[in-house]
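Here is how the chains run, residue by residue.
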Amino acid sequence: MRRWFIVGPFLLLVACGAGTSEVSRAGGGAETVAGRVTYEARHPTPQGASREVERRPGRHLAVALVGGAGAVVAEGRTDRDGRFALEGPADAAAVRVCARVRVRGHDVAVADDSLGRETHCFDTPVEDPGAELVVHVGDDEGHGGALHVVDTLLTGLDAVARWTDRTLPPLFTYWVRGQTREWSFYRGERPAGSGRYALELLGGQPGQQSVTDTDEHDEAIILHELGHFVMDRLSTDSSTGGMHPRGARIDPGLAWEEGRATWFALAVLGDPSYRDTIGVEPWGTLRVDENLESGEDPVAGIASETSVAKVLWDLSDGPGTDLPDEDEDGVALGPAAVLEAMVGLAEEDGSYGSLPAFLDYLVREGPLARDALAAMLTRTGEPVDELLPGDGVPWPPPVAIGDSVTGTIDGVTQPAPGGGRNLPLTGFSAIHTYRVRVEEPGMLVLRLYIQGSGRILDRTDLDLELLDRRADALARGASERPLETVGHLVQPGTYIVRVRDGGRGNRADYRLEVLQETLGGPPIPLVPP
């Protein structure tokens, strides 16, 4: 009989020791308990996750020997084949396995709670200390999924280390089958100030794995969310957050972050096919089935996350790389060079992530000639003039202090004026983004004049946001009035301003005014005289 336990963070620190050869010694008669950990994994099919399971080794997992009184008496980890050897008292009761890996500078775990305090662990009884202990975790028990998640994350982190020679801070994933039902996300640092970062993955509806969305076997989804963590730690973040369905032109910052997370996932897997399963065959289906080397993108360009993923794949694949090149696009930088260029762009003063900004960086820094890049975009059906304009990066456009700019926000019209499905919260036509350069410290004042009442009932409700270069909010105006104003003390640097639909579908003309009150200068009221 198999018994399941939860182990707290203190025990995890003990359980993730230096290795199978470094174990705690117990007094009295001692025995070595050896064995192997394996788990069941599934792969995507057109009818959901495969009914057939693959038996895989539990690589580098934290393991512990539990005595008859329930205390941990030895600890170590499995090797790359899932094997372990723990020395302890002859009456040891069980071997405990936890979905946590500490190896090669990585620290990654799967947790049962949203703050990462409790990690998926289970105990297997030791019935004959002299015989090899077979620890096999079936998918039907749920925690086999936890071992698949942590192993997939380890694969992704190893790729980052291989491509950049960097390791990243500790990471945990909150996943429980039948419990994590909101969505799959990158959650950022959790708890705040802990230095530990979090993902959350779908676990499906309770008892309904065969027909609901659960992501523990979707390696592309797991690695996509890991990609957000990688970009956040090594690069920047220009995302608005929120919905980003296929077939919609979305905010270019959001398109950049979602598209490059998909590129990262598929570059790790070495496969241009991005699949997201719902359920298990024959009752399941595919939520997403997309190949970056084929298929039409009806909204290709600056605001398409598919364009971002496709262009990054085409930059990375080809001769001399580990990525297959089915469309013979003519460029083969490799994923390491592409990821390092993202890091380089983030280090430039005033940079803000988008596909055109990245392509402009590649041309300026020399890894790729403009003519070769333009030829690749043409060959693969991407709009060259929008992604590689001759007069600099088109997004986000700059607004100088003392100037104003006008525009029309439209989160109502279908299809959207900018093309594709209109999305009030994240659509390209529903959000306008601007870049403001500040040279002196002082109070930055933004005024948004809305043509209309500014009320939700009249569908003229527009909001105003001031953000730093990492898209973290500094100030926000979200009333239902025809004038939105924000003021914030700032230091020299680049800031981002968003004018956006209030969220329920609005359409209105506006004028945005950017002012600054500096030391010794005249005061600038938030509300104009």
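Let me begin by describing the structure that accompanies this report. (Residues numbered from 1 in each chain as written. Predicted model: local features only at pLDDT ≥ 70, side-chain atom pairs only at ≥ 80, totals over all residues. Heavy atoms only, no water.)

## Some thoughts on helix α2 (residues 143–164)
Part 1: Its 22 residues place the ends of α2 32 Å apart at the C-alpha level, agreeing with the 32 Å of an ideal helix rising 1.5 Å per residue.
Part 2: Phi turns positive one or two residues past the end of α2, at Asp165, with a value near 60°. (Helix = DSSP H or I, 4+ residues; strand = E, 2+ residues; numbered from the N terminus. Expected span 1.5 Å × (residues − 1).)

## Examining the packing of α2 against helix α4 (residues 252–269)
Part 1: Between α2 and α4, the shortest axis-to-axis distance is 10 Å and the interhelical angle comes to 90°. Taken together, the axes of α2 and α4 lie roughly perpendicular to each other. Facing Thr155, Gly156, Ala159, Val160 and Trp163 of α2, the residues of α4 in contact are Phe264, Ala267 and Val268.
Part 2: The residue inventory of the contact of α2 with α4, partitioned by class, reads six nonpolar, two polar and no charged. (Axes fitted to C-alpha atoms, helices over the stretch in contact; angles between N-to-C directions. Parallel < 35°, antiparallel > 145°, perpendicular 65-115°, else oblique. Contact = heavy atoms within 4.5 Å. Nonpolar A, V, L, I, M, F, W, Y, C, P; charged D, E, K, R; others polar.)

## Observations concerning the nonpolar core
Part 1: Counting residues in each nonpolar core, the largest one holds 94 residues, and the members touching the most others are Trp263, Leu315, Phe358 and Leu359.
Part 2: A total of ten residues in this core trace back to one element, the largest contributor, which is α2.
Part 3: Among the nonpolar cores identified, the runner-up in size contains 23 residues, and Val399, Val436, Ile450 and Leu512 belong to it. (Core = buried A, V, L, I, M, F, W, Y, C linked by side-chain atoms within 4.5 Å. Buried < 20%, exposed > 50% of the residue type's maximum accessible area, 1.4 Å probe, protein only.)

## Structural notes on the sheet that holds strand β23 (residues 483–490)
In sheet architecture, strand pairing relies on hydrogen bonds along the backbone and comes in two forms, parallel and antiparallel.
Part 1: Spatial ordering of the open sheet is given by β18-β25-β20-β23, a layout of four strands whose pairing is antiparallel. The sheet is open, and its two edges are formed by β18 (404–410) and β23, each paired on a single side. Here the strands of the sheet are splayed against their neighbours by 20° on average, with no regard to which way each runs.
Part 2: As paired strands, β18 and strand β25 (residues 507–518) are joined by seven bridges and run antiparallel to one another. Along β25, the bridge assignment pairs Gly407 with Tyr510. (Pairing = 2+ DSSP bridges.)

Coordinates in, geometry out; function isn't part of it.
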